[in-house]
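Overview (structure and organization)
So the chains spell out like this:
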Amino acid sequence: MEQQITVLVVIDPSQQSHPALDRAMLLARRAEGDIQARMVFVVTPFQQQSSGTVLCTSEWLKENIHQPLSGTPIDYSVILGWGSSSDEIIIQAATDVGAALTIAPYYGQAKGHLLSDDKWKLLRKSRNPVLMASRAPTDHSGRMLCTLKTQDPDYQERNERVVSTAKRFAEVFGLQVHAVNAYDDSMEFPDRTRIANQSGIANENIHVKLGEPQDVICETANAMNADLILIASQQRSGFKGALRGNMIEKILERVDRDILMI
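Now for a description of the structure that goes with this document. (Residues numbered from 1 in each chain as written. Predicted model: local features only at pLDDT ≥ 70, side-chain atom pairs only at ≥ 80, totals over all residues. Heavy atoms only, no water.)

Okay, the environment of Ser199 next. By secondary structure assignment, the location of Ser199 is in helix H6 (residues 192-199). A residue is classified by how much of its surface remains accessible, and Ser199, at 4% relative accessible area, is buried. Separated by 32 residues in the primary sequence, Ser199 and Lys167 have C-alpha atoms spaced 9.4 Å apart. Polar side-chain contacts of Ser199 include one of 3.1 Å to the backbone nitrogen of Ile201. (Helix = DSSP H or I, 4+ residues; strand = E, 2+ residues; numbered from the N terminus. Buried < 20%, exposed > 50% of the residue type's maximum accessible area, 1.4 Å probe, protein only. Polar contact = N/O pair within 3.5 Å; in protein donor to acceptor, adjacent residues only side chain to side chain.)

The next thing to look at is H6. Within H6, the full set of buried residues consists of Ile195, Ala196 and Ser199. Angularly, the buried residues of H6 cover 100 degrees about the axis, an arc narrow enough to put them on a single face. Away from its buried face by more than 90 degrees, H6 exposes Asn197 and Gln198. Elements that come into contact with the buried residues of H6 comprise strand S6 (143-148), helix H5 (156-173), strand S7 (176-183) and strand S8 (206-210). The opening residue of H6 is Asp191, an N-cap whose side-chain oxygen sits 3.0 Å from the backbone nitrogen of Thr193. Two residues or fewer after H6 comes Gly200, characterised by a positive phi angle close to 80 degrees. (Arc of directions from axis to C-beta. Contact = heavy atoms within 4.5 Å.)

This part is about the side chain of Ser199. Engagement of the side chain of Ser199 in a polar contact is seen with the backbone oxygen of Ile195, the distance being 2.6 Å. In contact with Ser199, not counting residues within four places along its chain, are Val163 and Lys167.

Scanning the model with the defined rule gives three aromatic pairs in all. Aromatic pair Phe41 and Tyr76: ring centres 5.9 Å apart, planes at 75 degrees, arrangement edge-to-face. In this pair, Phe41 sits in strand S2 (residues 35-43) while Tyr76 sits in strand S3 (residues 76-80), placing the two residues 35 residues apart along the sequence. Arranged with centres 5.0 Å apart and planes meeting at 80 degrees, the rings of Tyr183 and Phe189 form a pair that is edge-to-face. With a relative accessible area of 12%, Tyr183 lands in the buried category. The ring of Phe46 is capped by Lys119, whose NZ or CZ atom sits 4.4 Å from the centre of that ring. (Phe/Tyr/Trp six-rings, centres within 6.5 Å; stacked < 30°, edge-to-face > 60°. Lys NZ or Arg CZ within 6 Å of the ring centre and 35° of its normal.)

If you look at the biggest cluster of nonpolar residues, it comprises 48 residues, and the most contacted ones within it are Met39 and Ile103. Ranked by the residues each element gives to this core, the list is headed by H5, at seven residues. If we skip the residues at most four places from it in the chain, Met39 touches Val7, Val9, Ala24, Ala28, Ile74, Asp75, Tyr76 and Ser77. Counting 35 residues, the second-largest nonpolar core is a separate cluster that includes Leu8, Ile90, Leu123 and Ile229. (Core = buried A, V, L, I, M, F, W, Y, C linked by side-chain atoms within 4.5 Å.)

Okay, structure coming up:
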């Protein structure tokens, strides 16, 4: 029996490129077996605007959404969203369509913090995983890098969420799962075999390395040419306190790869 998952794709009409659309099309093509990815595109300004007015015409929709999808078997629909903030629009749309995943574009920031307020709010409040698409898909390894911290009992729930989500994505989109575990104390050296047994990830795909987490994650992702990096927040309901300078920004600053936040 055919299964269908709904993916919400954020399209910013103020931008010339649409990495979230590119990623959505790639994932739809990678969907395996009887699983079909249904795409719902929500068109709303997402990048902070310095000046000017954004107009979204029927011709714009035709050129930027309908034409790229013309001739593909992808089942899709389009929502035009407006409201007080883009994060509220996206979260409401995800709820209304029952999205299992939200794909949002990441264009970077010219100065200041890498993620705008709306992007942080989306990551904090979203009830489903959010994939920050940062580049047009070109060279694909089909590898996903999961971030674990097994030497700390406080991370058990996060580790379990990471592994569960990774396996689901691997099942739906045919991805190869890798895991990285950083450590900074030789007395707390993570047990690779234990990680493999508990997670079900192949031993040869588990990377245990000494160093700061953001350094190890970036180095490992680049070395294995990971398509995306999967990270779990401390609490499913969101982060605590100010998020500025946290590990996600440190990783985005150094790798040109997608970040999947759960």
